[in-house]
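Structural overview for review
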Amino acid sequence: MSRPRTTPGPVPSAPRNAPDTPRSAARDTSAAAPDAAPAATPDVSPEVSPDAPREARGARARANAPWTAFGGDLHLDLTERRAAGVGLRAALEDALREAVQDGRLAPGTRLPSSRALGEDLGIARNTVVEAYGQLTAEGWLGSRPGSGTTVAERAAPRPAGRPATVRADRRPTGRHDLLAGRPDLSLFPRSAWLASARRALAVAPHDAFDYGSPLGRIELRQALSDYLARVRGVRTDPDRLLVCAGFGQGLGLLAAALRGRGAGRIAVEGYGLPPQREVLRAAGLGLAPLPLDCNGARTDLLDDLGGAGGTAERLGAVLLTPAHQFPSGAALAADRRAAAVRWARERDGYVIEDDYDGEFRYDRQPLGAMQALDPDRVVYGGTAAKSLAPGLRLAWLALPDELVEPVARLKALADTMSPVTDQLTFAELITSGRYDRHVRRCRLHYRRRRDLLVAALAERAPQVRVTGIAAGLHAVLQLPPGSRPEAELLERARAAGLVLTGLDWYRARPDAERALDLSAAPDARPDAAPHNASDTSPNDTPGDAPDAPPALVVGYATPSDHAFPAALDALCGILRES
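Let us look at the structure shown here. (Residues numbered from 1 in each chain as written. Predicted model: local features only at pLDDT ≥ 70, side-chain atom pairs only at ≥ 80, totals over all residues. Heavy atoms only, no water.)

Here we look at unusual backbone geometry
Of all residues except glycine, most have a negative phi; of all peptide bonds, most are trans. The line we're drawing: Any residue under 20% of the maximum accessible area for its type is buried, any over 50% is exposed, and the rest in between are partly exposed; the area is computed with a 1.4 Å probe on protein chains only.
Backbone torsion omega between Phe-326 and Pro-327 reads 10°, so that peptide bond is classified as cis. Positive phi outside glycine occurs at Asp-348, with the angle close to 55°. Since its relative accessible area comes to 36%, Asp-348 is described here as partly exposed.

The structure is reproduced here in structure tokens:
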């Protein structure tokens, strides 16, 4: 019985390394039907004669072996050993053994195949096979059929290196994290961020991924210009916005630019973030602390700090947190805002406005950015660290015209430009409206957290006065006179697993007596003990008044929802025993 004749169709290309597909299959099929339509050309490399040069055979081997079959690249230098007269195989064994001993090849590391390593080193495959076999016998390497050769788990452990001189994160840890300055990272809008990233990358021009302007991507600067005008009242345009890697970097760039313009000192609030003061000192600027009270920094005293001793004494700027003073929580009064701007105009200085958490207000009307009073004299600084996450390293400066060029030049010298993909994603997040929705969600979440904190303290520690709670992510807990010293309270908190800070840690002048009185703050807890206005005058300055009772700065944003009640219990337990 004859077999019916069939016309073969196109032969699909076989995978390069399919073990059950002979490389000659396509050729055999084509030969069986010479009159058939030409089949698609299989994606295989041409045959190489066994007599061809080693380079050609090696190229064929690399083309037909999947990367996973032989592992990644491996650097081994045999030159010195060969020059010393060591045999090729012995030199290879010594190099591999040393790489395992000094930790370059960690246990479990997959080594290249004998063929691939031989081609890379220009030696025979058999030499590599013999070296692998010897080291396997000695216990340095391991081998299993189908798994290739790996560094054995029993190999010598990685030697301990020198202790790091710089800690990756100086933030202390404990069971209950109540440090101020961090958001609830579980609120990060992963889905919205991913959707924005996909959209942004899909429409981004090719040149977006090239070296660009040190000011940042125009898409983000345009989005920020519109958003800040709408939400914070900032008066700027994309050409005067600079995107930076966190407000700390922006502050350092500003400080260096001011130093280049002849500034010798900068005024800072009497209480603030120590890392910011370190940045300013590193730029060569001296610090002139301004006293604080319940109405914010005493900017009416700026004229007295001006200095008349030349460049080294010239006060070139003042750093303020006007919307929500950190850490006291006070809002800068309108007359003091005006005084700061007047000083900047008359003394050719600048106001640096750190609007670190301007999106989060609860019991008061939103305060517009101070920058709107005079965009030529006020530098506005904002950040996504509180609204999204500090790990994004996204912040921005709205610069006066005279500072755009010097600050941009310093930014280019620092890191050329900020990473592009996060800028494009953030721009899409803003323009799509997803960012507004996220901020509103966070505002409700943090307000509930604040209300739980205030209610717990009112019930279980009524002697404590709570201030700075009309906005932001933290509160100041003022203890009554006669309480334990602040250092002792913090030590007891650490023993209970609580991580928080005392108000003294933020003080700009450690040698001065603490005279910060916030008991008259309009957002103080209404059920707290009445304040005697005669005790402390609003005009008191550090050193002029008796030391105030201890105070703790508590961040209520960081703990997760399930951990927050336990953190409140631990906090109230410490305060009851204060």
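Some points on empty space enclosed by the protein
For clarity, the cut-off: Points on a 1 Å grid, built from protein atoms alone, make a cavity when a 1.4 Å probe fits but cannot get out and make a pocket when they are open with protein on both sides within 12 Å along at least 5 of 7 lines; residues with an atom within 4 Å of a point are the lining residues. Grid points are joined across faces, edges and corners, and a volume is the space filled by probe spheres set on the points. Under the grouping applied here, Gly and all other residues not named as nonpolar or charged are polar, the nonpolar ones being Ala, Val, Leu, Ile, Met, Phe, Trp, Tyr, Cys and Pro and the charged ones Asp, Glu, Lys and Arg. Under the scheme used here, helices are H or I runs from DSSP no shorter than 4 residues and strands are E runs no shorter than 2 residues, and both carry numbers assigned from the N terminus.
According to the stated counting rule, one finds six cavities of 30 Å³ or more in the structure shown. Here the largest cavity is characterised by a volume of approximately 80 Å³. Lining of the largest cavity is provided by Arg-232, Ala-323, His-324, Asp-357, Gly-358, Phe-360, Arg-361, Arg-364, Pro-366, Leu-367 and Ala-471. Classifying every residue of the lining of the largest cavity by side-chain character gives five nonpolar, two polar and four charged. Looking at the second largest cavity, its volume works out to about 50 Å³. Lining the second largest cavity, in full, are Tyr-227, Leu-228, Arg-232, Asp-355, Gly-358, Glu-359, Tyr-380, Gly-382, Thr-383 and Trp-396. Secondary-structure elements contributing two or more residues to the lining of the second largest cavity are helix H9 (218–231) and strand E11 (378–383). With three residues, the single largest contributor to the lining of the second largest cavity is E11.

Let's talk about the sheet that holds strand E10 (residues 350–354)
Backbone hydrogen bonds hold the strands of a sheet together, and the pairing may be parallel or antiparallel. Cut-off, in case you're wondering: Paired strands, in this sense, are two strands between which DSSP finds at least two bridges. Between the N-to-C directions of two axes lies an angle of 0 to 180 degrees, each axis being a line fitted to C-alpha atoms and, for a helix, fitted only over the stretch in contact. Pairs of residues are marked as contacts when any of their non-hydrogen atoms sit within 4.5 Å.
Read across the open sheet, the seven strands follow the order E4-E12-E11-E10-E9-E5-E6; overall the sheet is mixed. A strand with exactly one partner marks an edge of an open sheet, and here the two such strands are strand E4 (241–244) and strand E6 (286–290). Strand after strand, the sheet turns through a mean of 20° between neighbouring axes, direction not considered. Packing of helix H10 (residues 247–260) onto the sheet brings it into contact with E4, strand E9 (315–320), E10, E11 and strand E12 (395–398), and relative to E10 it is tilted by some 175°. Taken strand by strand, helix H13 (residues 401–415) contacts E4, E10 and E11, and its axis lies near 25° from that of E4.

Considering the pattern of salt bridges
Short version of the rule: The term salt bridge refers to a side-chain nitrogen of Lys or Arg lying within 4 Å of a carboxyl oxygen of Asp or Glu.
In this structure the tally under the stated criterion is 33 salt bridges. A salt bridge links Arg-450 to Asp-363, with the shortest nitrogen-to-oxygen separation between them at 2.4 Å. Note that Arg-450 is positioned in helix H15 (residues 434–460) and Asp-363 in the loop between E10 and E11, a separation of 87 residues in sequence. Looking at Arg-450, the relative accessible area reads 4%, which means it is buried. Judged by its relative accessible area of 47%, Asp-363 is partly exposed. Among the ionic pairs, Arg-494 bridges to Glu-491, the shortest N-O distance being 2.7 Å. On the criterion of helical spacing, the pair formed by Arg-494 and Glu-491 is a turn pair, its members being three residues apart in helix H16 (residues 486–495). Judged by its relative accessible area of 44%, Glu-491 falls in the partly exposed class. Linked by salt bridges that have partners in common, Asp-303, Arg-342, Glu-346 and Arg-347 make up one network.

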